[in-house]
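One letter stands for each residue in the lines below.
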Amino acid sequence: MEKRIKNRLNGVNIGGNYIGGDVIVDGYADQETAGTGSKSNDKTIFLSYNWHDGETADRIDRHLSKIQGITVKRDVRDIGVWKSIREFMEGIRQQDYAVLIVSDSYLRSKNCMFEATEMMKEREYADRIFPAVVETGIYDPLVRAEYIRYWQQECDKLEDAVKGLEPANAVELATDLKRYKNIVASVGEFLSIVADRNNPDIREIEVQIEKAILKNRSK
C-alpha cells in the first residue's frame with residue numbers, strides 16, 4: 001500500500017542544516033506492506049538536497065521513483081525515528097548514483113556539503129553524480145571563489161572555538177572540524193567539476209536524469 005504523507009516540521013532544525021518545512025512526499029511505501037523495500041538488483045539513487053529546495057526534490061523524487069528498477073533514497077523516507085542522520089548521509093557512497101540539487105542553500109550547508117565530499121571519496125565519482133544546478137552563478141569563477149572563501153571562514157571560526165576548549169571536552173567538535181577542513185579542501189574541485197558540465201535546465205532535469213540512467217543501463 002502506498003501513502004501520501006506530509007511532514008509537520010516547519011521551522012524545526014534537524015541535524016544542523018536540515019530545516020523542516022511542510023513537505024509532501026508521494027509514493028511512500030508503508031513498511032508493513034513494503035517488505036524489505038528496494039529489490040537487490042535495483043539501481044539506487046541518493047537524493048542530496050537542502051530542505052529549502054524541497055519542491056524541486058519532490059518533483060525529481062516523484063519522477064524517478066516511477067521508473068522500474070530504480071529506488072530513490074531520501075531522508076524523509078529512509079531515516080528511521082531516532083536513527084542517525086550522519087549514518088544516512090554517509091550512505092551516499094553505497095548508492096549507484098547521486099542527484100545533487102546544487103543551490104545556494106546547498107552550497108552553504110555543512111550537511112549537504114558533507115554528502116558531496118563523501119561521494120567524492122569514491123573512485124570515478126564524477127560519473128555517478130547528476131548535478132541539478134539551481135545556483136547558476138557557479139559558472140562564474142568569482143562566484144565559485146566566494147563559496148570557497150565562505151567555507152574557509154566557517155572552518156576558521158570553528159577552529160578558533162575549539163582552541164578555547166579542553167581537549168577532552170572537544171572530541172566531537174574536533175571531528176566536526178575535520179569535516180569542515182575536508183569541505184574546504186574539496187569545495188573548489190566540486191564546484192569546478194559541476195561548472196564544467198553541460199548541465200540540463202533545472203526545469204527538465206528529472207527527464208534528463210532518466211535518459212542518462214536508462215542509457216547507462218543499456219551498456
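Whatever comes next refers back to the structure up there.
Now for a description of the structure that goes with this document. Because the structure is predicted, anything quoted here is derived from the model rather than measured. (Residues numbered from 1 in each chain as written. Predicted model: local features only at pLDDT ≥ 70, side-chain atom pairs only at ≥ 80, totals over all residues. Heavy atoms only, no water.)

### Here we look at the nonpolar core
With 34 residues, the main nonpolar core has L100, Y106, L107, M113, I138 and F190 as its most contacted residues. Counting only elements with at least two residues in this core, the list comes to helix 4 (85-90), strand 7 (97-102), helix 5 (104-107), helix 6 (110-119), strand 8 (129-133), helix 7 (141-163) and helix 8 (171-195). Here this core gets seven residues from one element, more than from any other, and that element is helix 8. Apart from residues no more than four positions distant in its own chain, L107 is found in contact with V102, M113, I138, Y147, W151, F190 and L191. Among the nonpolar cores identified, the runner-up in size contains 18 residues, and L64, I67, F130 and I209 belong to it. (Core = buried A, V, L, I, M, F, W, Y, C linked by side-chain atoms within 4.5 Å. Buried < 20%, exposed > 50% of the residue type's maximum accessible area, 1.4 Å probe, protein only. Helix = DSSP H or I, 4+ residues; strand = E, 2+ residues; numbered from the N terminus. Contact = heavy atoms within 4.5 Å.)

### A look at helix 7
Taking 1.5 Å as the rise per residue, helix 7 with 23 residues should run 33 Å; its terminal C-alpha atoms sit 33 Å apart, in good agreement. Those residues of helix 7 that sit buried are R144, Y147, Y150, W151, E154, C155, L158 and V162. Tucked into the core, helix 7 has its buried residues touching helix 5, helix 6 and helix 8. With a side-chain oxygen lying 2.9 Å from the backbone nitrogen of L142, the N-terminal cap of helix 7 falls on D140. (Expected span 1.5 Å × (residues − 1). Polar contact = N/O pair within 3.5 Å; in protein donor to acceptor, adjacent residues only side chain to side chain.)

### A few points about empty space enclosed by the protein
In this structure the tally under the stated criterion is one cavity of 30 Å³ or more. Taken as a whole, the largest cavity holds about 60 Å³ of empty space. In this structure, the largest cavity is lined by R86, K110, F114, D176, R179, Y180 and I183. Counting residues per element, the ones that place at least two in the lining of the largest cavity are helix 6 and helix 8. Take the lining of the largest cavity: its biggest share by element is four residues, from helix 8. (1 Å grid on protein atoms, 1.4 Å probe; cavity = no way out; pocket = protein on both sides within 12 Å on 5 of 7 lines; lining within 4 Å. Points joined across faces, edges and corners; volume = space filled by probe spheres on them.)

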